[in-house]
Amino acid sequence: ELARKLRRSSWGDTFDWDRSGEAVGGCIRGLCLRSSRLDGSVQPDGAVAYGEWTLVFSNTSPPDQEARMQVALPPGGVVSRLTLWVNDEEREAAFAGRAEVREAYDRVVRQKRDPVLVTTAGPDRVLVQCFPVPRDGGTMKIRVGITAPVDLDGPAAGVLRLPCFTEHNFLLPDSPEHHVWMESPAEIRPLSDTAGLVIEHPSAQVHAVRGSLPAST
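Note that the coordinates shown come from a computational prediction; the quantities given were computed from them, not determined experimentally.

Caption draft 1: Quick look at the pattern of salt bridges. A full pass over the atoms with the stated rule returns 13 salt bridges. Here glutamate 89 ties to arginine 91 by a salt bridge, and the two come within 3.9 Å at their closest N and O atoms. Residues joined by salt bridges that share partners form a network here, namely Glu52, Arg81, Glu90, Glu92 and Arg143.

Rendered as C-alpha cells:
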C-alpha cells in the first residue's frame, strides 16, 4: 500500500527502487547523461588498446540519485582503472573481490558518501553504478579505464570495437553525442564512413581519429 501511494505521489517516479542493487532498472526522471568522452590509444606492436571513458551525469530531481549502466566492453576487454571526482578532486578506486566491493559500496551509499562501483555482468560486460548524483541540478563525474586486445584481421590490420551502453537508468539528451579521440603510431581509421569522425595525422609518429558519435551508434 505504501509503495502504491509513493508511485502516485508527485515524486514517486523519481524514487529509485533499485538503488545499490544489481539491476539497472528503469529510467529515473530528472537523471541524465550530461557528457561522454572516450580518449584512447592503440599500440600496434602489442595489439592492445587502452581508453578512458569520462562520463558526467546530472540530476534535476528532488532526491539524490544513483546512475547505473551495463556496458559492453570490447571483446576480451577489462576495466583496468576507475576514478571518481569528489569535491573537484580525482580519486582512484580500489580493486578487490566482488563480495568485498559490493559490501563496501552498500555501506558508503547508506552513509550518503561518494562511491563508484564496477562489477562483472557476464562475458565482456560490466555493471557500473555511482552515487550520489546530487539533487536539484547537481552533477557527478566518473572515468572508466578499459584495456582490450585488438582483434587481428591479418598480419598488418586489426579491429577495435568501442564500449557501449546496453542498459542505463538515466535519460539521454535530445541530441546526445559521444566525443571520441583515438590515436596510434600506425594508421587508424573508422571501419565505415561516419560523418562525425575525422581522420587526422598530427605528426609523423601519430595517426588519429577524432569527432563525435550519436548515442545510437
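Following the structure, the description resumes.
Caption draft 2: Region of interest: the side chain of threonine 83. Within the element layout of this structure, threonine 83 appears in strand 4 (residues 78–86). Among the polar contacts made by the side chain of threonine 83, one reaches the side chain of glutamate 90 at a distance of 3.1 Å.

Caption draft 3: A look at the nonpolar core. By size, the foremost hydrophobic cluster in this structure holds 26 residues, and its most contacted members are Leu55, Phe57, Met69, Val71, Ile142, Phe165 and Phe170. For this core, the elements supplying multiple residues, two or more each, are strand 1 (31–43), strand 2 (48–59), strand 3 (65–72), strand 4, strand 7 (125–133) and strand 8 (138–149). Once residues lying within four places of it in the same chain are set aside, the contact partners of phenylalanine 165 are Leu33, Trp53, Leu55, Met69, Gln70, Val71, Phe170 and His178. Ala47, Val150, Ile188 and Leu213 belong to the second-largest nonpolar core, a separate cluster that totals ten residues.

Caption draft 4: Molecular detail of unusual backbone geometry. The residue after phenylalanine 131, namely proline 132, is reached through a cis peptide bond having omega -5°. For proline 132, the location among the structural elements is in strand 7. The residue alanine 47 is not glycine, and still its phi comes out positive at about 50°. Secondary-structure assignment places alanine 47 in the loop between strand 1 and strand 2. One non-glycine residue, aspartate 136, lies in the positive phi region at around 55°. Mapping aspartate 136 onto the fold places it in the loop between strand 7 and strand 8. On the basis of relative accessible area, aspartate 136 is assigned to the exposed category, the value being 59%.

Caption draft 5: Examining the packing of aromatic side chains more closely. Scanning the model with the defined rule gives four aromatic pairs in all. Aromatic side chains tryptophan 53 and phenylalanine 165 sit 5.0 Å apart centroid to centroid with 25° between the ring planes, which places their arrangement in the stacked category. You can see tryptophan 53 sitting in strand 2 and its partner phenylalanine 165 sitting in strand 11 (residues 164–168), a full 112 residues away along the chain. An identical accessibility class is assigned to tryptophan 53 and phenylalanine 165; each is buried. A ring pair is formed by phenylalanine 165 and phenylalanine 170, whose centres lie 5.5 Å apart and whose planes are at 75°; its orientation type is edge-to-face.

Caption draft 6: The arrangement of the environment of arginine 161 in detail. Topologically, arginine 161 is positioned in the loop between strand 10 (158–159) and strand 11. As a C-alpha pair, arginine 161 and proline 149 span twelve residues in sequence and 9.8 Å in three-dimensional space. Apart from the residues within four sequence positions on either side, arginine 161 is in contact with Pro74, Pro75 and Asp151.

Caption draft 7: Region of interest: the sheet that holds strand 4. One open sheet holds the eight strands; their spatial order is 5-4-8-2-1-12-14-13, and the pairing between them is mixed. Of all strands in the sheet, those bounded by a partner on one side alone are strand 5 (89–92) and strand 13 (197–203). The sheet shows a mean angle of 20° between the axes of neighbouring strands, taken without regard to direction. Where strand 4 lies against strand 5, four bridges are found, and the strand directions are antiparallel. Looking at strand 5, one finds that valine 86 is bridged to glutamate 89.

Caption draft 8: Spatial organisation of helix 2 (residues 98–110). An ideal rise of 1.5 Å per residue puts 18 Å on 13 residues; helix 2 measures up with 18 Å between its terminal C-alpha atoms. Among the residues of helix 2, those classed as buried are Val101, Arg102, Tyr105, Asp106, Val108 and Val109. End-on view of helix 2: buried residues confined to an arc of 165°, all on one side of the axis. The exposed residues of helix 2 that point more than 90 degrees off its buried face are Ala99, Glu100, Glu103 and Arg110.

Rules used throughout
Residues numbered from 1 in each chain as written. Predicted model: local features only at pLDDT ≥ 70, side-chain atom pairs only at ≥ 80, totals over all residues. Heavy atoms only, no water. Salt bridge = Lys/Arg side-chain N within 4 Å of Asp/Glu carboxyl O. Helix = DSSP H or I, 4+ residues; strand = E, 2+ residues; numbered from the N terminus. Polar contact = N/O pair within 3.5 Å; in protein donor to acceptor, adjacent residues only side chain to side chain. Core = buried A, V, L, I, M, F, W, Y, C linked by side-chain atoms within 4.5 Å. Buried < 20%, exposed > 50% of the residue type's maximum accessible area, 1.4 Å probe, protein only. Contact = heavy atoms within 4.5 Å. Phe/Tyr/Trp six-rings, centres within 6.5 Å; stacked < 30°, edge-to-face > 60°. Pairing = 2+ DSSP bridges. Axes fitted to C-alpha atoms, helices over the stretch in contact; angles between N-to-C directions. Expected span 1.5 Å × (residues − 1). Arc of directions from axis to C-beta.

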